[in-house]
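Analysis of the macromolecular model
Chain by chain, the residues run as shown.
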Amino acid sequence: MTARLSYVLITPARNEAQFIELTLRSMIAQTYKPLRWVIVSDGSTDETDEIVARYSAEHAWIELVSLPQRKERHFAGKVMAFNAGLERVAGLPYEVVVSLDADISFDSDYFAFLLGKLASDPELGLVGTPFRELSGESYDYRFVSIEHVSGACQVFRRSCFEGIGGYVPIRGGSIDHVAVITARMKGWKTRTFTEKHCIHHRQIGTAAHHPIAARFRVGLKDYAVGNHPLWELCRVARQMMMPPRCIGGLALGAGYVWGLVRRIKRPVSPELIEFHRGEQMQRLFRFLQRGARSSKQMPWAGESNMGKGTAE
């Protein structure tokens, strides 16, 4: 039997009263529970704090940290909230740290499964599963790199997380995606295991934006992390074949071009951009070598959910 790794979870949450109880119930039902689960309420003005406080009163391993309201909303705020939670577990002997969103649910053996994968392969630094939305949408990991790990739940080996310097507080987003790329650049393996999935209860990118505006922002984030122009062109073409058809694809491309024309400063290093583009071109070359006949079999179809997070 594979030895179990000790783990902690940190959940930044901002006004998640609508969904956080689903996440709480999922965690309480886990067959293998964490040493501590710190839920950081990032200036919530709804009933998030009250709901979490009710559960933490009954379960000693759940802790609520309430932060004051912030005037500005930006993705760096999620990192600030996460780091506030990380401080609360500093003295615990954990081997794995999990970034868990406050709007997902999952099976009772979800973390036992993922921790088992980490325990069985010391080269794995970051693992996760696909997510499905209530609409039925999900990423088909037969055609999307299983090396990408969704930001909904990222399970890091502690030494990997510390080795990449934790999450980078990028105001414009792509925090989760940058962490995945950096882990691989540092020599760690990252992997999504498709045998399981979690349910995502809020449509990606729509917490504060119309779906089309959200696609524009994704394109802008694609530029920010250094997506290769050829890769992005293929990604736009794929998106134009998906709901809401050409509008979503055009919005994605417009966001990328906007960043290019405005020469927006990229928040990542030239080394990371070079590594990231190299991976993309290798994947594209392999795809072309296979001579895929179906337009659906495109490796860039759902590359990432770019900056998807609870608080921002």
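Everything in this summary refers to the structure shown in the same document.

What counts, and at which threshold
- Residues numbered from 1 in each chain as written.
- Predicted model: local features only at pLDDT ≥ 70, side-chain atom pairs only at ≥ 80, totals over all residues.
- Heavy atoms only, no water.
- Helix = DSSP H or I, 4+ residues; strand = E, 2+ residues; numbered from the N terminus.
- Buried < 20%, exposed > 50% of the residue type's maximum accessible area, 1.4 Å probe, protein only.
- Contact = heavy atoms within 4.5 Å.
- Expected span 1.5 Å × (residues − 1).
- Patch = residues over 30% accessible without salt bridge, like charges linked within 9 Å, V, L, I, M, F, W, Y side chains within 5 Å.
- Areas by Shrake-Rupley, 256 points an atom, 1.4 Å probe, with all protein chains shown as cover.
- Salt bridge = Lys/Arg side-chain N within 4 Å of Asp/Glu carboxyl O.

On to the environment of Glu195, then. Topologically, Glu195 is positioned in the loop between β9 (189-192) and β10 (198-200). Classification of Glu195 by relative accessible area gives exposed; the value is 52%. For Glu195 and Thr129, which are 66 residues apart along the polypeptide, the C-alpha to C-alpha distance reads 7.8 Å. Beyond its immediate chain neighbours, meaning those up to four positions away, Glu195 contacts Phe113 and Lys117.

Attention now moves to helix α7 (residues 211-224). Two residues of an α-helix separated by three or four positions point the same way, owing to the 3.6 residues in each turn. Between its terminal C-alpha atoms α7 stretches 20 Å, which fits the 20 Å expected from 14 residues at 1.5 Å a residue. Listing the buried residues of α7 in full gives Ala214, Val218, Gly219, Lys221, Asp222, Tyr223 and Ala224. Tucked into the core, α7 has its buried residues touching α8 (229-239) and α9 (246-262). Directly beyond the C-terminal end of α7, a positive phi value near 90° is found at Gly226.

A word on a nonpolar patch on the surface. Judged by side-chain polarity, Val257, Leu260 and Val261 come together as a nonpolar surface patch covering roughly 280 Å² of accessible area. With respect to the helices and strands, the residue Val257 is situated in helix α9. Residue class for Val257 comes out partly exposed when judged on its relative accessible area of 44%.

Throughout the structure, instances matching the rule amount to 14 salt bridges. A salt bridge links Glu63 to Arg36; the shortest N-O distance between them is 3.3 Å. Placement of the pair is Glu63 in strand β3 (residues 62-67) and Arg36 in strand β2 (residues 36-42), with a sequence separation of 27 residues. Its relative accessible area of 14% is what places Glu63 among the buried residues. Given the relative accessible area of 22%, Arg36 is considered partly exposed. Residue Glu147 pairs with Arg184 through a salt bridge whose shortest N-O separation is 3.8 Å. Of this pair, Glu147 sits in the loop between β7 (131-133) and β8 (153-157) while Arg184 is found in helix α6 (residues 175-185), placing the two residues 37 residues apart along the sequence. According to the relative accessible area criterion, Glu147 is partly exposed, its value standing at 35%. A residue is classified by how much of its surface remains accessible, and Arg184, at 14% relative accessible area, is buried. What you see here is one network of salt bridges that share partners, running through Glu21, Arg25 and Arg54.

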